[in-house]
Amino acid sequence: MRRFSCFGPLKHLKKVSAYFIRSFYPSSSEGKMEQNGTKIDSNLLERFEREIWSKIPHLEKNGTKVVNATPLTDITQDLKECAKKEFNINLDDKDLKIFGKFDSNLLAGSIKVRPAVNIIHDAIATGKLKSGQTIFEATSGNFGIALGQLSKIGLDVVALVSRKLQDGVFEELRNEKIRIINLDMDICPAPGMKDSPNVLAAKATAANIKSQLSELGFDPTIFENAITEAHELLAKQDIINLAKLLAKIYNCYCPEQYDNESNIEIHRTVTAAEIDQQLHEKELSLEDFRIVCTFGTGGTSGGLSRYMSEKYGKKAIHVVFPIAAQDVAGIRTKSKAEGLKFYEPQQYAGQHEVDFEQAKRLLKFFVDKGHDMGESSALALYAVMQMANFGGVGGKFVVIVADGIQKYKKNLESMAKKQSRTQVSLEEAVSSVGDYDKVIWIHTQYTPREEGIELLAKTLGIDKSKIIVPKARDAERLLMAQQIPEDLNKALEGSHKSLLVCMAGYTSLNAVQVFGKKGIATESLTGGISGISQGKGKQIADLIKIATE
């Protein structure tokens, strides 16, 4: 049986036949019109505008007002509460105003529906996309899910995705009737990555793609004819341009979200104007705000920065990245943003690399508060908290809440169930010493001398008043009776998390287990004060003494 290369699987034979009829007989009642000699599928355009376009934010015909705006919510107090409860940061005296722009409320659940719908609308209106055609695109999730809306009007989507995607993202892609090509490669490396090409891996992946294309109903010989170019792209892990290649050889359509100017334009003309409109309704102006967002394709940051530059003559966009090697759904690290067309650091007011492991705590706090936000939004909001904490008196911020929690729920639930770490190395303790309210000596026989307390404080980079030394008998009672003595309980009052230190790390580790059962967060310093003394060339006898109480 013949395979149709242009329009996907054989099960759509009737659609394909209808398409050919309409192509050869454009004057038929199927609804064709011409623009600059190109046939436009007017029926498809009308359905698209009625069933999809009309439901997302867009400018009214007079071009003066955005309709279907997503919520712009004041989250100032919630961030202050989170900072205090989760990170022991007091922002009460800061003059802050923080709004969340909740695009998680959009159709398809993410900000990506804005560029997806804009790009597809342009493709249909210019005759590049017609009924019965298939769309190829590389996606880390949200853009593909947004394209899934097209199944409502009879268009098929094939998404090239990484097997590293979270289960929830795969589930939503399938729920949107997206057909998937799974790849053992990351979607996020920038085109032309500098790593040494892996020819063997490229050939193996190409064979896998050929097999999957065949299963989806595409003629595998067409892919075989372009195998040299495919190998070159796969050797560089350039999945973005691989999607373009597949669309080209099968005469399909690729939205090219990473290069399509419509990705930026929709945020310049609608998203930014929408935020400004909403702030004016609150008797505020976007001119006075910093806008904070993460980086996926660069469309959001690019469009917002152009709006601020054109209307207010200023740089106001702060772009947030996870630190190197961290995996945040759909978001690039700074190194992986470099080389992309829409990465424009010269247009940003600031770039920030943020530890997602810390932002996870903020994510859980805000979701528990009832806010529908995903991983990237938590990263952006954590960056705002840090800017507010270290940036002087305060400030005004709009945070782009790009998507919701639904597809990350399994991760969030496992994070909540996952037992907190019980011990930390000295390096980890020093790097995150601000997370500890108190440092508590814990041993049943020994107590630190003044020199030991001073060394501990200096090594951790804290004031020695932060170090608490309970009585040895309280430590013994804690471990033997599995109960927290009154004096020790008072010492821990109001503490979010404490670091426990003993001789070599064993007593403090046992104490962590007891505190954990009581719901008190503590961590044990691996190696204890003995490890510190060795690193500093000190004799342990000079740092501790036998306890008398």
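Quick summary incoming for the structure in this document.

Cut-offs used in this document
Residues numbered from 1 in each chain as written. Predicted model: local features only at pLDDT ≥ 70, side-chain atom pairs only at ≥ 80, totals over all residues. Heavy atoms only, no water. Helix = DSSP H or I, 4+ residues; strand = E, 2+ residues; numbered from the N terminus. Buried < 20%, exposed > 50% of the residue type's maximum accessible area, 1.4 Å probe, protein only. Expected span 1.5 Å × (residues − 1). Polar contact = N/O pair within 3.5 Å; in protein donor to acceptor, adjacent residues only side chain to side chain. Contact = heavy atoms within 4.5 Å. Phe/Tyr/Trp six-rings, centres within 6.5 Å; stacked < 30°, edge-to-face > 60°. Pairing = 2+ DSSP bridges. Right-handed = clockwise from strand over helix to strand, strands pointing away. Axes fitted to C-alpha atoms, helices over the stretch in contact; angles between N-to-C directions. Parallel < 35°, antiparallel > 145°, perpendicular 65-115°, else oblique. Left-handed = near helix turned anticlockwise from the far one by under 90°.

1. What to know about unusual backbone geometry
Step number 1: The residue Gln 237 is not glycine, and still its phi comes out positive at about 55°.
Step number 2: Its place among the elements puts Gln 237 in the loop between α9 (227–235) and α10 (239–249).
Step number 3: In this structure Gln 237 comes out as partly exposed when scored by relative accessible area, which is 26%.

2. So, helix α14 (residues 356–368)
Step number 1: Look at α14: 18 Å from first C-alpha to last across 13 residues, which is about the 18 Å you get at 1.5 Å a residue.
Step number 2: Taken together, the buried positions of α14 are occupied by Phe 356, Gln 358, Ala 359, Arg 361, Leu 362, Leu 363, Phe 365, Phe 366 and Val 367.
Step number 3: Taking the backbone nitrogen of Glu 357 as reference, a side-chain oxygen 2.9 Å away marks Asp 355 as the first, capping residue of α14.
Step number 4: The first or second residue beyond α14 is Gly 370, which carries a positive phi of 100°.

3. Overview of the environment of Ser 498
Step number 1: Its location among the elements puts Ser 498 in strand β18 (residues 498–501).
Step number 2: Look at Ser 498 and you get buried, because its relative accessible area is 0%.
Step number 3: C-alpha separation for the pair Ser 498 and Ile 467, spaced 31 residues apart in sequence, amounts to 10.0 Å.
Step number 4: Ignoring any residue separated from it by four or fewer positions in sequence, one finds Ser 498 in contact with Tyr 436, Lys 438, Ile 440, Leu 492, Ala 521, Thr 522 and Glu 523.

4. Considerations on the environment of Tyr 506
Step number 1: When you line up the elements, Tyr 506 lands in helix α21 (residues 506–517).
Step number 2: On the basis of relative accessibility, which here comes to 64%, the residue Tyr 506 falls in the exposed class.
Step number 3: Linking Tyr 506 and Ser 524, residues 18 residues apart in sequence, is a C-alpha distance of 8.4 Å.

5. Observations concerning the packing of aromatic side chains
The description of an aromatic ring pair uses the distance of the two centres, along with the angle that the planes make with each other.
Step number 1: Under the counting rule described, the total for this entry stands at eleven aromatic pairs.
Step number 2: The interplanar angle of 55° and the centroid separation of 5.4 Å between the aromatic rings of Phe 87 and Tyr 382 together place this pair among those described as tilted. One end of the pair, Phe 87, is in helix α3 (residues 76–87); the other, Tyr 382, is in helix α15 (residues 375–390), and 295 residues separate them in sequence. Take Phe 87 and Tyr 382: they sit in the same class, and that class is buried.
Step number 3: A connected cluster of aromatic rings, assembled from ring pairs, spans Phe 295, Phe 321, Tyr 343 and Tyr 348.

6. With respect to the side chain of His 267
Step number 1: Here His 267 lies in helix α11 (residues 261–281).
Step number 2: Note on His 267: relative accessible area 1%, which makes it buried.
Step number 3: Side-chain polar atoms of His 267 contact the side chain of Thr 300, separated by 3.5 Å.
Step number 4: If sequence neighbours within four positions are ignored, His 267 has contacts with Ile 111, Arg 114, Pro 115, Ala 272, Gly 299, Thr 300, Gly 303 and Leu 304.

7. Quick look at the pairing of strand β8 (residues 156–162)
Remark: a regular strand shows side chains that alternate across the two faces of the sheet.
Step number 1: Buried residues dominate β8, accounting for seven of its seven residues.
Step number 2: Here β8 shows two buried faces, one formed by Asp 156, Val 158, Leu 160 and Ser 162 and the other by Val 157, Ala 159 and Val 161.
Step number 3: Direction of pairing for strand β7 (residues 134–138) relative to β8: parallel, over a ladder of five bridges. What sits directly across from Ile 135, in β8, is Val 157.
Step number 4: Taking the sense of rotation as the criterion, the β-α-β connection linking β7, helix α5 (residues 142–147) and β8 turns out right-handed.
Step number 5: Judged from the five bridges that link them, β8 and strand β9 (residues 179–183) form a sheet pairing that is parallel. Across the sheet, the residue bridging to Val 161 is Asn 182, located in β9.
Step number 6: The parallel pair β8 and β9 is bridged by helix α6 (residues 167–175), and the resulting crossover is right-handed.

8. So, α15
Step number 1: With 16 residues, α15 should reach 22 Å at 1.5 Å per residue; the first-to-last C-alpha distance of 23 Å fits that figure.
Step number 2: Of all 16 residues in α15, 13 are buried, a share of seventy percent or more.

9. Quick notes on the packing of α11 against helix α12 (residues 299–312)
Step number 1: It is the contact of α11 with α12, at a shortest axis distance of 7 Å, that shows an interaxial angle of 60°. Here α12 runs oblique to α11, going by the angle between their axes. Where α11 crosses over α12, the handedness of that crossing is right-handed. Note on element contacts: α12 touches α11 through Gly 299, Thr 300, Gly 302, Gly 303, Leu 304, Arg 306, Tyr 307, Glu 310, Lys 311 and Tyr 312, opposite Glu 261, Asn 263, Ile 264, Glu 265, His 267, Arg 268, Thr 271, Ala 272, Ala 273, Ile 275, Asp 276 and His 280.

10. Overview of the side chain of Gln 277
Step number 1: The residue Gln 277 is located in helix α11 in this model.
Step number 2: Gln 277 gets classed as buried once you look at its relative accessible area, which sits at 17%.
Step number 3: Among residues more than four places away in sequence, those in contact with Gln 277 are Thr 64, Lys 65 and Val 66.

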